[in-house]
Amino acid sequence: MSIGADTLIQASYFVAAGLFIFGLKRMSSPVTARGGIVWAGVGMLVATLITFLKPEMHNYVLMTVAIAVGGIVAWVSGKRVAMADMPQMIALYNGMGGGAAGAIAAVELFAGEAHGVAQLALGVLGGIIGSVSFAGSLIAFGKLQGLIKRSFRFRGQNFVNLILLAVTALVGAILVVHGSGGLPGHVVALFALALVLGITMTLPIGGADMPVVISLYNALTGLAVAFEGFVLDNAAMIIAGTVVGSAGTLLTQLMAKAMNRSLANVLFSGFGDTAAATGSTEVKGAMKPIDAADVAVMMGYSEKVIVVPGYGMAVAQAQHKVWELAQALIGRGVAVKFAIHPVAGRMPGHMNVLLAEAGVPYDIIYDQEEINAEFETADVALVIGANDVVNPVARTDKSSPIYGMPILNADKAKNVIVIKRGQGAGFSGIENALFYLDNTRMLYGDGQAKVAELVQAVKTL
Amino acid sequence: MIDGFIALYIFMLAAFTGYEVISRVPVILHTPLMSGSNFVHGIVLVGAMVAMGRASTPLEIGIAFVGVVLAAGNAVGGYVVTERMLEMFKSSKGKK
């Protein structure tokens, strides 16, 4: 082993860590974001290639095979996945990272190399967190992909999870106290428990809460990677992992805040796809249906239309038609704006990605704070596939489970058009008072088909 | 090599860096940012490679192999989807 190789390796890790931070910083503005990921990618490539030069390593052939297998599968799946399915894909890749951190911890614990108590403790902790993130992300993937249809809940679920966590921590503590090497049975138990914990923690969480969950597991994987970085004396892993851990924590908090709920509430209350038994609001009035032709006239002769997309637009794959409609309206001199709620969809910023896919320029897409005051001056608010994020009950009904959640003020618009598949309550099971307002009309049917009708009708005005 | 308080300093500074770097990100970039940070923790690949390089028993090699496959998936998949998403973001004012 030569000093030269070691210096080269350290230097390349240093450069990689710098490029990651630089790349993430570039990603904070839409203008420079594209370059940001490329810079971070260069850092990753350099770090990976240089690692092959590390002295006293073996298993190179198998290592290369493993990289090829994982890389090719991920490359192909990443290129093919539809934009609407992006949340589950990100959950999956994130889970893989957590699993890798867990695997590192397992190898180190089985190999029993001499580590100090602090390193051993961090290694065990990183292993637990990584395994929880791995199993949890796989469950999140299964739910979003529709493989797991319902949420499993039973009495005392939180208590069982708490016991699981305590036992996992106990086994981990035994491993740390015992020191490096030995106790292979305990190592197996540790990872089995952590995996089960990840599953039981995630199963009860409903689809609407997924933006928070995906973001949380992203942060946890980052943390696990940082901890394993301490075990392997790898500064690049420590820095990159910690940066992601803290960035992810911030993002998770933003998501939870957008729903006016604490993180603990998201994780442990089990709400998210069923209404709490208490807050059943009686909504008076009736939903009033309308034809596509009438909606087209209404929108075609208005001055300002605000479109509010939700998860339903993703399900119906209606984003391209929505943009076509917006273009037709803009062509007639109507001002069209898009209003996005922070937790619309299944991951943070889900709607923005879909609209970008359809070609909607990002400067007519607005955040909640930017646009909420404008609804009062809008002639039409077109709600497509959104539900809870426009439910005025959140402002008024203290008994509602979504009370206090900041919403988009679509109800303040002069006319509200809601495109909706049927009359039933949304995925959250909460009745939406917006649908019953005097200025609201319902356009029933498949999102894509109905918007296509609107496009035709507007064009023939 | 990196131990004790030096490690703590690195940890603390990196945590603040992460917080600062993304604290003013607009909502429209939340997904690419999450996906991008998802890619960045793909650096776990380097660790998995080191663990595999040191592994000696078949059990260790087996676990490390799985670790490297998963880590490579994280890094490559994270990059591909982030790049695909960012490619789509366009402004209405001129195109580049």
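Residues numbered from 1 in each chain as written. Chains lettered and ligands numbered in written order. Predicted model: local features only at pLDDT ≥ 70, side-chain atom pairs only at ≥ 80, totals over all residues. Heavy atoms only, no water.

## Looking at the interface of chain B and chain A
As a reminder, the rule being used: Here, residues are in contact when the closest pair of their heavy atoms is within 4.5 Å. The term salt bridge refers to a pairing of a side-chain nitrogen on Lys or Arg with a carboxyl oxygen on Asp or Glu at a separation within 4 Å. Polar contact is defined as a pair of N or O atoms within 3.5 Å, subject to the rule that within protein one atom must be able to donate a hydrogen and the other to accept it, and that residues adjacent in sequence are counted only when both atoms are side-chain atoms. Labels follow the DSSP assignment, with helices taken as runs of H or I lasting at least four residues and strands as runs of E lasting at least two, numbered in each case from the N terminus.
Opposite the 78 residues of chain B that make contact, chain A presents 102 residues. At the boundary of chain B and chain A, one finds 2 salt bridges. One salt bridge connects Glu83 of chain B with Arg34 of chain A, and the closest N-O pair in it is separated by 2.6 Å. Where chain B touches chain A, the interface holds 19 residue pairs in polar contact (both at pLDDT 80 or more). Taken together, the elements giving at least two residues each to the side of chain B that touches chain A come down to α1 (4–22), α2 (30–40), α3 (44–54) and α4 (58–88) of chain B. With 28 residues, α4 of chain B is the single largest residue contributor to the side of chain B that touches chain A.

## Quick look at the packing of helix α4 (residues 86–111) of chain A against helix α5 (residues 117–144) of chain A
All names here are of chain A. Quick note on the threshold: To obtain each axis, a line is fitted to C-alpha atoms, and for helices this fit is confined to the stretch in contact; angles are then taken between N-to-C directions over 0 to 180 degrees. Oblique is the label for any angle not covered by the other classes, which are roughly parallel (under 35 degrees), roughly antiparallel (over 145) and roughly perpendicular (65 to 115). Here a crossing is taken to be left-handed if its near helix is turned anticlockwise relative to the far helix by less than a right angle, and right-handed if that turn runs clockwise. Polar here means any residue outside two lists: the nonpolar Ala, Val, Leu, Ile, Met, Phe, Trp, Tyr, Cys and Pro, and the charged Asp, Glu, Lys and Arg; Gly therefore counts as polar.
The N-to-C vectors of α4 and α5 enclose an angle of 150°; their axes lie 7 Å apart at closest approach. In this view, α4 runs roughly antiparallel relative to α5, as classed from their interaxial angle. Once α4 is placed against α5, the crossing between them reads as left-handed. Residues of the contact of α4 with α5, tallied by class, amount to 13 nonpolar, 12 polar and no charged.

## Overview of the sheet that holds strand β2 (residues 335–340) of chain A
Residues and elements named next belong to chain A. What counts is decided by this rule: Note on pairing: two strands pair once DSSP finds at least 2 bridges between them.
The sheet built from 6 strands is open, its strands ordered β3-β2-β1-β4-β5-β6 with parallel pairing. Edge strands, defined here as strands with exactly one partner in the open sheet, are β3 (365–367) and β6 (440–444). Shown here is a sheet whose adjacent strand axes are inclined to one another by a mean of 25°, direction ignored. With 4 bridges joining them, strand β1 (residues 304–309) and β2 adopt parallel strand pairing. Directly across from Ile306, in β2, lies its bridge partner Lys337. Running at roughly 145° to β2, helix α13 (residues 319–331) makes contact with β1, β2 and β4 (380–384) of the sheet.

## Considerations on empty space enclosed by the protein
Left-over empty space is what a probe sized like a water molecule reveals as it rolls over the atoms. All names here are of chain A. The following threshold applies: The way it works is a 1 Å grid over only the protein atoms, where trapped points that fit a 1.4 Å probe form a cavity and open points with protein on both sides within 12 Å along at least five of seven lines form a pocket, and then any residue with an atom within 4 Å of a point lines it. Grid points are joined across faces, edges and corners, and a volume is the space filled by probe spheres set on the points.
Scanning the entire structure with this criterion turns up 3 cavities of 30 Å³ or more. Reported here for the second largest cavity is a volume of approximately 110 Å³. Taken together, 18 residues line the second largest cavity, and the ones lying closest to its centre are Glu108, Leu109, Leu120, Ser180 and Gly181. In terms of residue count, α5 provides more of the lining of the second largest cavity than any other element does, 4 residues in total.

## Comments concerning a nonpolar patch on the surface
Rule in force here: Like-charged residues within 9 Å of one another, or nonpolar side chains (Val, Leu, Ile, Met, Phe, Trp, Tyr) within 5 Å, are grouped into patches, provided each residue has over 30% relative accessible area and no salt bridge. Areas reported here follow the Shrake-Rupley algorithm with a probe of radius 1.4 Å; residue values treat only the protein chains shown as occluding.
A cluster of nonpolar side chains, namely Phe5, Leu8, Tyr9, Met12, Leu13 and Phe16 of chain B, defines an oily patch on the protein surface of about 710 Å² accessible area. By secondary structure assignment, the location of Tyr9 of chain B is in helix α1.

## Quick word on the packing of aromatic side chains
Aromatic ring pairs are defined here through the distance separating the ring centres and the angle between the ring planes. All names here are of chain A. Convention followed: Working definition: rings of Phe, Tyr and Trp (its six-membered ring) pair if their centres are within 6.5 Å, and the pair is stacked with planes under 30 degrees apart, edge-to-face with planes over 60 apart, and tilted otherwise. Burial here depends on accessible area, computed with a 1.4 Å probe over protein chains only, as a share of the maximum for the residue type. Under 20% is buried, over 50% is exposed, and the range in between is partly exposed.
All told, the structure shown has 5 aromatic pairs over all chains when counted by the stated rule. For the pair Phe22 and Trp39, a centre-to-centre distance of 6.0 Å together with 75° between the ring planes defines the contact as edge-to-face. Residue Phe22 is located in helix α1 (residues 3–26), and its partner Trp39 is located in helix α2 (residues 33–51); the two are separated by 17 residues in the primary sequence. Since its relative accessible area comes to 39%, Phe22 is described here as partly exposed. Overall, the relative accessible area of 41% leaves Trp39 in the partly exposed class.

## Considerations on the pattern of salt bridges
Opposite charge on two side chains permits pairing when their charged atoms draw close. Residue and element names in this part refer to chain A. The final tally for this structure, using the stated rule, is 10 salt bridges over all chains. Put simply, Lys321 and Glu324 hold a salt bridge, and the shortest N to O gap is 3.3 Å. Of this pair, Lys321 and Glu324 both sit in helix α13, 3 residues apart, which is roughly one turn of that helix. Its salt-bridge partner being Arg395, residue Asp411 comes within 2.4 Å of it at the nearest N-O pair. Taken together, the positions of Asp411 in the loop between α16 (393–396) and β5 (415–420) and Arg395 in helix α16 put the pair 16 residues apart, joining distant regions of the chain.

## Overview of the side chain of Lys304 of chain A
Residue and element names in this part refer to chain A. Summarising the element assignment, Lys304 is placed in strand β1. Among the polar contacts listed, one links the side chain of Lys304 to the side chain of Glu374, at a separation of 2.7 Å. Residues contacting Lys304, with those up to four places away along its chain left out, are Val334, Ala335, Glu374, Thr377, Ala378, Asp379 and Val380.

## Quick word on α4 of chain A
Residues and elements named next belong to chain A. As a reminder of what qualifies: Helix span, expected: 1.5 Å multiplied by one less than the number of residues in the helix.
Its 26 residues give α4 an end-to-end C-alpha distance of 38 Å, which sits within 8% of 38 Å, the value for a rise of 1.5 Å per residue. α4 sits mainly inside the fold: 24 of its 26 residues count as buried. Taken from the residues just after α4, Gly112 is the one with a positive phi, measuring 60°.

## Concerning the side chain of Thr440 of chain A
Residue and element names in this part refer to chain A. Relative to the helices and strands, Thr440 is located in strand β6. There is a polar contact of 2.8 Å between the side chain of Thr440 and the backbone oxygen of Leu434. If we skip the residues at most four places from it in the chain, Thr440 touches Lys288, Val416, Val418, Leu434 and Phe435.

## Some thoughts on the pairing of β1 of chain A
All names here are of chain A. Burial runs high along β1: 6 of the 6 residues are buried. The side-chain alternation of β1 yields two buried faces, one formed by Lys304, Ile306 and Val308 and the other by Val305, Val307 and Pro309. When β1 meets β4, the two strands line up parallel, connected through 5 bridges. For Val307, the partnering residue across the bridge sits in β4 and is Leu382.

Taken by themselves, the reported measurements are silent on function.
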